[in-house]
Amino acid sequence: MAVFNGENIRFSFSQLGSAFGKAVTPTPLENGRILTYDATLAEKLGLTDADIKSDTFRALLSAEQPLAGRTPFAMKYTGHQFGQYNPELGDGRGVLLGEWRDDTGTLWDWHLKGAGKTPYSRHGDGRAVLRSTLREYLASAAMRGLDIPTTQALAMATSDTPVMRERIETAATLLRITESHVRFGHFEYLFYSQQHDALHTLADYVIARHFPELADAEKPYAALLQEIVERTAEMIAKWQAVGFNHGVMNTDNMSILSQTFDYGPYAFLDDFNPSNICNHTDYTGRYAFNQQPAIGLWNLSALGYAFTPLLDSEVINDILGGYEQHLQVAYSKAMRDKLGLPDAQQGDSRLFNALFALLETNRADYTLFFRRLSEIESDLLVTAQTLSQFSELIADTDSLSEWLSEYHQRVHHLDSHARLQCMQATNPRFILRNYLAQQAIDAAEQGDMQPTHDLITVLSAPFDAHPSLAHLAQRPADEDKDLTLSCSS
Ligand code: AMP
Ligand code: MG
């Protein structure tokens, strides 16, 4: 199909040279076939239904054919995994197919995950299993629906290729789309391998392609680092406010555009447990939910260190010094929105902390609590009827009633309608709960994609009612709670 060979395809990253990765011929899937695709994203990229349903696209997705006849490129990066520097990383099972230019002129990386071995595969097989691929597909849609920066997923393929994990599973691919696949680890690699000319090239490339407005700054590299620090703080503030636990915040999983990147054993909290750990190989809780803000700074410091050939250390430290304040401001704003508070007032942090304590001691469902609170008129907050509406979420009615009175004090003079409107646009009804992802995976493995389609429907518009799919807002049964997931994918 002409569209996959046309004028609109570029290879600017692979043209940066051999310091940045290696050309790789992918290994095709056996009987690769498209499993599902994102029609919204396809449209945004200017692809028609016929393009997506073409055999050329199927072959592309099945690693049979490259984009525009060009051999794909495996990117080299390194990074800190669980605090330890690992020089051996890189695209071990994914390849950059090329960059797609949309009608507005924006370039989008097309990256095929699960396309077979590359020079960076180490002992891996270069494959991705259906289970983990579908989890990334669902999470990408969920984050977009919540307006949290994320990579996207255009389509998935399944196959007859078996792969060995804890059991034999099906190999799948995912076509990941984002403006940039550059990670903190790309900078770390060029720094630690002392390729400082290439480090300058990378910084210039990132500025020219992703932050052109910074090119004229007095110190463009300082402006770049500052931008990354601020955006990362904002992204993590959004994770904390919605209850998202990434699970593997290694520096090779941190995007230079501060998008949520590399979905592995992530979780959206069901019960509010601040020290939730969703990755069962995270023995020390390094990536626990409440550690994410601090780990964000740790990771940015690792990036800052890699910037030392580009900037004075003092400048770097100054920029890093702004992170906490930036995160705090973004987080407080996000939490105020969740409670429908238009401005900051003294005593707000006490109100927040009392609420967190209440939710934690009662193991209340984080999402359902806020959503229910978004539906109660201010006048009704301190009534027996309201208490009974929370009864299955919070057992300790005395503490709840005390908190609701404090909250009522804070909001009673505000316009109740405006408050509810703000809260209902901030507190989702639907999140990607692990038990729901698992149900979709179990069905997909049996060839039934309906649960996936239903989940995508609610996650794409998570604030809407979706009456026929209301059951997808339910919290899990006790036995389905706290699934911890391995990195095996
Ligand atoms: P991740 O845990 O997905 O962030 O991956 C960490 C590193 O391991 C990256 O360099 C991946 O490319 C590589 N990797 C993960 N799974 C595989 C696999 N099945 N085959 C080859 N490389 C892999
Ligand atoms: Mg990774």
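Bear in mind that the values here come from a model prediction, so they are computed numbers and not experimental data.

A.B. asks: For this particular structure, what's the right way to read the site of ligand 1?
C.D. replies: Around ligand 1 sit 17 residues, and of these G90, G92, R122, D125 and G126 come closest. Backbone polar atom of G92 to an oxygen atom of ligand 1: 2.7 Å apart, as the coordinates give it. Contact distances for ligand 1 include 3.0 Å between an oxygen atom and a side-chain N or O atom of R122. Notes on ligand 1: free accessible area 480 Å², of which the protein chains cover 81%. Taken together, the residues that form the shell around ligand 1 break down as 2 nonpolar, 7 polar and 8 charged.

A.B. asks: I'm lost on the domain arrangement of the chain in this one. Help?
C.D. replies: Interface size, as often reported, equals the accessible area lost upon joining of the parts. Domain assignment breaks the chain into domain 1 (2-184) and domain 2 (341-424). Spacing between the C-alpha centres of domain 1 and domain 2 amounts to 43 Å.

A.B. asks: Which parts of the structure should I look at to understand the nonpolar core?
C.D. replies: Most often, soluble globular proteins keep nonpolar side chains buried together rather than apart. Formed by 88 residues in total, the largest nonpolar core has its most connected members in F187, F268 and L432. Looking at this core element by element, the count peaks at 12 residues for helix α7 (residues 220-242). The next biggest cluster of nonpolar side chains, apart from the first, holds 35 residues, and it includes L373, L381, L393 and M423.

A.B. asks: Looking at this structure, how should I read the coordination of the magnesium ion (ligand 2)?
C.D. replies: Note on metal sites: the ideal angle is 109.5 degrees for four tetrahedral donors, and 90 or 180 degrees for six octahedral donors. The magnesium ion (ligand 2) binds to the protein through N253 (OD1) and D262 (OD), with metal-donor distances spanning 2.0 to 2.2 Å. As far as the burial class goes, N253 and D262 line up, both buried.

A.B. asks: I would appreciate a short explanation of the layout of surface pockets in the present structure.
C.D. replies: A water-sized probe rolled over the atoms picks out the places where empty space is left. By volume, the second largest pocket is sized at about 370 Å³. Together, 17 residues line the second largest pocket, and L146, D147, K238, A334 and T426 are the ones closest to its centre. Among the elements of the structure, α7 and α10 (323-339) are those that each provide at least two residues to the lining of the second largest pocket. Within the lining of the second largest pocket, the residues separate by chemical class into 10 nonpolar, 1 polar and 6 charged.

A.B. asks: Please explain the pairing of strand β8 (residues 107-113) as it appears in this structure.
C.D. replies: One face of the sheet, then the other: side chains in a regular strand alternate in exactly this way. Within β8, 7 of the 7 residues are buried, which leaves the element mostly enclosed by the surrounding structure. What sits between the antiparallel neighbours strand β7 (residues 94-101) and β8 is a turn of 5 residues, in which G105 has the positive phi angle 95°. With 5 bridges connecting them, β8 and strand β12 (residues 168-178) associate as antiparallel partners. The residue of β12 that forms the bridge with H111 is R176.

A.B. asks: How should empty space enclosed by the protein be read in this particular structure?
C.D. replies: Summed over the entire model, instances satisfying the criterion amount to 3 cavities of 30 Å³ or more. By volume, the largest cavity is sized at about 50 Å³. Contributing to the lining of the largest cavity are F11, S14, R70, T71, P72, F73, L96, L97, G98 and E99. Looking at the lining of the largest cavity element by element, the count peaks at 4 residues for β7. In terms of residue class, the lining of the largest cavity is made up of 5 nonpolar, 3 polar and 2 charged.

A.B. asks: What is the right way to read the side chain of T36 from this model?
C.D. replies: Residue position: T36 is located in strand β3 (residues 33-37). On the basis of relative accessible area, T36 is assigned to the buried category, the value being 7%. Sequence-distant contacts of T36, defined by excluding residues within four places in its chain, comprise Y137, A155, M156, M449 and H453.

A.B. asks: In this structure, what is going on with the pattern of salt bridges? I would like to understand it.
C.D. replies: Two side chains that carry opposite charge are able to pair once their charged atoms sit near each other. A complete count under the given rule lists 29 salt bridges for this structure. Between R183 and D91 there is a salt bridge, and its shortest N-O distance comes to 3.9 Å. In this pair, R183 is assigned in the loop between β12 and α5 (184-192) and D91 in the loop between β6 (84-86) and β7, connecting sequence segments 92 residues apart. Residue R183 is classed as buried on the basis of its relative accessible area, which comes to 2%. For D91, a relative accessible area of 2% translates into the label buried. Note that D270 is salt-bridged to R433, the shortest N-O span being 2.8 Å. Taken together, the positions of D270 in the loop between β14 (267-268) and α8 (292-306) and R433 in the loop between α15 (416-424) and α16 (434-445) put the pair 163 residues apart, joining distant regions of the chain. Take D270: its relative accessible area is 11%, and that puts it in the buried class.

Here is what the cut-offs are and how they apply
- Chains are numbered independently. Their residues run from 1 in the order of the written sequence.
- The naming scheme follows written order: chains are lettered A onward, ligands numbered 1 onward.
- The predicted nature of this model means local features are confined to residues of pLDDT at least 70 and side-chain atom pairs, given and counted, to a pLDDT of 80 or more, with totals for whole chains, interfaces and linings taken over all residues.
- Side-chain descriptors were evaluated using all non-hydrogen atoms of the structure, hydrogens and water having been removed beforehand.
- Neighbouring residues are identified by heavy atoms, a residue being near a molecule or strand if any of them is within 4 Å of it.
- Any N or O atom pair separated by 3.5 Å or less is treated as a polar contact, with the protein-specific requirement of one donor-capable and one acceptor-capable atom, and with residues adjacent in sequence counted only for side-chain atom pairs.
- Per-residue and other accessible areas were derived by the Shrake-Rupley procedure at a 1.4 Å probe size, with only the shown protein chains allowed to occlude residues.
- All residues other than Ala, Val, Leu, Ile, Met, Phe, Trp, Tyr, Cys, Pro, Asp, Glu, Lys and Arg, Gly among them, are scored as polar; the first ten of these are nonpolar and the last four charged.
- Where a domain begins and ends is set by an automatic assignment or by a domain database.
- Throughout, nonpolar core names a set of buried Ala, Val, Leu, Ile, Met, Phe, Trp, Tyr and Cys residues whose side chains join them through atoms within 4.5 Å.
- For each residue, the accessible area found with a 1.4 Å probe, counting protein chains only, is set against the maximum for its type, and the residue is called buried under 20%, exposed over 50%, and partly exposed in between.
- Numbering of helices and strands runs from the N terminus, with a helix taken as a DSSP run of H or I at least four residues long and a strand as a DSSP run of E at least two residues long.
- Donor selection uses N, O and S atoms within 2.8 Å of the metal (3.2 Å for Na, K and Ca). Since no water is included, sites may look incomplete.
- Here a cavity denotes grid points, spaced 1 Å and computed from the protein atoms alone, that fit a 1.4 Å probe unable to get out, and a pocket denotes an open set having protein on both sides within 12 Å along at least 5 of 7 lines; residues with an atom within 4 Å of a point are the lining.
- Grid points are joined across faces, edges and corners, and a volume is the space filled by probe spheres set on the points.
- By definition, two strands form a pair when at least two bridges between them are found by DSSP.
- Contact between two residues is taken to exist if any of their heavy atoms lie within 4.5 Å; hydrogens are not considered.
- Any carboxyl oxygen of Asp or Glu that lies within 4 Å of a side-chain nitrogen of Lys or Arg is treated as forming a salt bridge with it.

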